[in-house]
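Spelled out from the first residue to the last, the chains are:
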Amino acid sequence: MLHHFIHPKQSVRAAAIVLTLALSALIDFSTGYEVSVFLLYVIPVAMATRFFGARAGGLLAVVSTAAWMAVDRWSGHQYSQDWIWHVTALNPMMCFVLP
């Protein structure tokens, strides 16, 4: 039933965005927290904005920030206080929102 609402080309684009985000997170995790590759997360945000509009881009900016935060935690990065992690997440979030 969902296929009546989504054009096949849009489905391929959405899948490419999800895969690009997953690949960005995987590369980020594999490089560890000492190497910053958060700019890779801009690619799926830009794709979402280009193909689906500003709202989709904004949503992907939030999802990309959440992915970056999760990878940062899973990689073992420790902060002296928890609030620093949240403030630090604002940097990539602002970068993701710009495209």
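Everything numeric in this text was worked out from a predicted model, so none of it was measured.

A. Expanded view of the overall build of the protein. Helix and strand content of the protein: four helices and zero strands. If one aligns the C-alpha atoms of the protein with their principal axes, the spans along those axes are about 50 × 25 × 20 Å. Looking at the protein as a whole, 31% of its 99 residues qualify as buried. Of the contacts formed within the protein by residues at least 6 apart in sequence, a portion of 60% connects residues at least 24 apart. Carbon and sulfur atoms make up 71% of the accessible area of the protein, which amounts to about 6,600 Å² in all. Averaging the coordinates of the 5 positive side-chain charges in the protein and doing the same for the 4 negative ones gives two points 26 Å apart.

B. Seen up close, the packing of helix α3 (residues 54-74) against helix α4 (residues 82-97). Viewed as axis vectors pointing N to C, α3 and α4 meet at an angle of 140°, and their least axial separation amounts to 9 Å. Taken together, α3 and α4 sit at an angle that is classed as oblique. Handedness of the crossing formed by α3 with α4: right-handed. On the side of α3, the interface is formed by Ala61, Val62, Ser64, Thr65, Trp68, Met69, Asp72 and Arg73, while α4 contributes Asp82, Trp85, His86, Thr88, Ala89, Pro92, Met93, Phe96 and Val97. Its residues assigned to classes, the contact of α3 with α4 shows ten nonpolar, four polar and three charged.

C. Structural context of the packing of helix α1 (residues 8-31) against helix α2 (residues 42-52). It is at 8 Å that the axes of α1 and α2 come closest, and there the two elements cross at 165°. Between α1 and α2, the angle is such that the two are roughly antiparallel. For the pair α1 and α2, the crossing hand works out as left-handed. Along its contact with α1, which presents Gln10, Arg13, Ala14, Ala16, Ile17, Thr20, Leu21 and Ser24, the element α2 presents Ile43, Pro44, Met47, Ala48, Phe51 and Phe52. Residues belonging to the contact of α1 with α2 are distributed by class as follows: ten nonpolar, three polar and one charged.

D. Looking closely at the pattern of salt bridges. Under the definition given, this model contains one salt bridge. One salt bridge connects Asp82 with Arg73, and the closest N-O pair in it is separated by 2.4 Å. Judged by relative accessible area, Arg73 falls into the partly exposed class, the value being 33%.

E. Spotlight on the environment of Val87. Take Val87: it is sitting in helix α4. Under the relative-accessibility criterion, Val87 is labelled partly exposed at 43%. Remark: the alpha-carbon pair of Val87 and Ala70, spanning 17 residues in sequence, is separated by 14 Å.

F. Structural context of the nonpolar core. If you look at the biggest cluster of nonpolar residues, it comprises 19 residues, and the most contacted ones within it are Tyr41, Leu60, Trp68 and Phe96. Secondary-structure elements contributing two or more residues to this core are α1, α2, α3 and α4. A per-element tally of this core places α3 first, with seven residues. Ignoring any residue separated from it by four or fewer positions in sequence, one finds Trp68 in contact with Asp28, Phe38, Tyr41, Tyr79, Thr88, Ala89 and Pro92.

So, how was this worked out
- Residues numbered from 1 in each chain as written.
- Predicted model: local features only at pLDDT ≥ 70, side-chain atom pairs only at ≥ 80, totals over all residues.
- Heavy atoms only, no water.
- Helix = DSSP H or I, 4+ residues; strand = E, 2+ residues; numbered from the N terminus.
- Buried < 20%, exposed > 50% of the residue type's maximum accessible area, 1.4 Å probe, protein only.
- Contact = heavy atoms within 4.5 Å.
- Areas by Shrake-Rupley, 256 points an atom, 1.4 Å probe, with all protein chains shown as cover.
- Lys, Arg positive; Asp, Glu negative; His and termini not counted.
- Charge placed at Lys NZ, Arg CZ, Asp CG, Glu CD.
- Axes fitted to C-alpha atoms, helices over the stretch in contact; angles between N-to-C directions.
- Parallel < 35°, antiparallel > 145°, perpendicular 65-115°, else oblique.
- Left-handed = near helix turned anticlockwise from the far one by under 90°.
- Nonpolar A, V, L, I, M, F, W, Y, C, P; charged D, E, K, R; others polar.
- Salt bridge = Lys/Arg side-chain N within 4 Å of Asp/Glu carboxyl O.
- Core = buried A, V, L, I, M, F, W, Y, C linked by side-chain atoms within 4.5 Å.

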